[in-house]
Amino acid sequence: MISVFNIFVYLVVSLLINGIFLWVGIKIIEVTTGSFGEKHLSLADLSKVIIIVTVLNMIPMFGWILSIISLFILLMEFAAATFFEILFILFVSRIAIYLSALTLTTIFVKLF
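Residues numbered from 1 in each chain as written. Predicted model: local features only at pLDDT ≥ 70, side-chain atom pairs only at ≥ 80, totals over all residues. Heavy atoms only, no water.

### Notes on the environment of Ser-100
So, point 1. As for its placement among the helices and strands, Ser-100 is situated in helix H4 (residues 83-111).
So, point 2. On a C-alpha basis, the gap between Ser-100 and Ile-17 in space is 8.1 Å, while along the polypeptide they are 83 residues apart.
So, point 3. If we ignore the near neighbours within four places in the chain, the residues touching Ser-100 are Ile-17 and Phe-21. (Helix = DSSP H or I, 4+ residues; strand = E, 2+ residues; numbered from the N terminus. Contact = heavy atoms within 4.5 Å.)

### Quick look at the nonpolar core
Nonpolar side chains tend toward joint burial in soluble globular proteins.
So, point 1. Counting residues in hydrophobic clusters, the biggest one holds 17 residues, and the most contacted among them are Leu-22, Leu-71 and Leu-75.
So, point 2. Going through the elements one at a time, helix H1 (4-33), helix H2 (43-57), helix H3 (63-79) and H4 are the ones with two or more residues in this core.
So, point 3. The biggest single contributor to this core is H3, with five residues.
So, point 4. Excluding anything up to four places from it in sequence, Leu-22 contacts Leu-46, Val-49, Ile-50, Leu-71, Leu-75, Ile-89 and Ser-93. (Core = buried A, V, L, I, M, F, W, Y, C linked by side-chain atoms within 4.5 Å. Buried < 20%, exposed > 50% of the residue type's maximum accessible area, 1.4 Å probe, protein only.)

### Quick notes on the packing of H2 against H3
How two helices sit against one another is set out by the angle between their axes and by the gap between those axes.
So, point 1. Close contact between H2 and H3 brings their axes to 8 Å; oriented N to C, the two are set at 165°. Classified by the angle their axes make, H2 and H3 are roughly antiparallel. In this structure, the crossing between H2 and H3 has a hand that is right-handed. Residues Asp-45, Lys-48, Val-49, Ile-52, Val-53, Leu-56 and Asn-57 of H2 form the contact with H3, whose participating residues are Gly-63, Trp-64, Leu-66, Ser-67, Ser-70, Leu-71, Leu-74 and Phe-78.
So, point 2. Of the residues that constitute the contact of H2 with H3, the class distribution is nine nonpolar, four polar and two charged. (Axes fitted to C-alpha atoms, helices over the stretch in contact; angles between N-to-C directions. Parallel < 35°, antiparallel > 145°, perpendicular 65-115°, else oblique. Left-handed = near helix turned anticlockwise from the far one by under 90°. Nonpolar A, V, L, I, M, F, W, Y, C, P; charged D, E, K, R; others polar.)

### Some details on the packing of H3 against H4
So, point 1. Contact geometry of H3 with H4 gives a least axis separation of 10 Å together with a crossing angle of 135°. As summarised for this structure, H3 and H4 are arranged oblique, according to the angle between their axes. Every pair of crossing elements has a handedness; the one defined by H3 and H4 is right-handed. Contacts between H3 and H4 involve Ile-68, Leu-71, Phe-72, Leu-75 and Met-76 from the first element and Phe-83, Ile-86, Leu-87, Ile-89, Leu-90 and Arg-94 from the second.

### Let's talk about H3
So, point 1. End to end, H3 covers 23 Å across 17 residues, agreeing with the expected 24 Å (1.5 Å per residue, within 8%).
So, point 2. Among the residues of H3, those classed as buried are Gly-63, Ser-67, Ser-70, Leu-71, Phe-72, Leu-74, Leu-75 and Ala-79.
So, point 3. Looking at the packing, one finds that the buried side of H3 touches H1, H2 and H4.
So, point 4. The first or second residue beyond H3 is Ala-80, which carries a positive phi of 55°. (Expected span 1.5 Å × (residues − 1).)

If you want it as structure tokens, here you go:
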């Protein structure tokens, strides 16, 4: 049975991991190309994007595809970035999230 505490823990951990790796992807783009999009992506805008994506990711079966599509659209809207910049950020952040989830799962399995 899923409790409210489990949902809260999932939201907090997911928000932190998504936020960190999305920020890292944006910083990589800024370093390699000199800028990210036409507008500066503020921390408040990035937080809005991450919260929306995380909540959509909680929808069973279709949440992961909805979260990727919404992340793409919201980054295009808030940062006015090019298609390839956002595609690279999605690639970097999703691979990093997958690897961190794999690592955290391995740690929790060994602990319990």
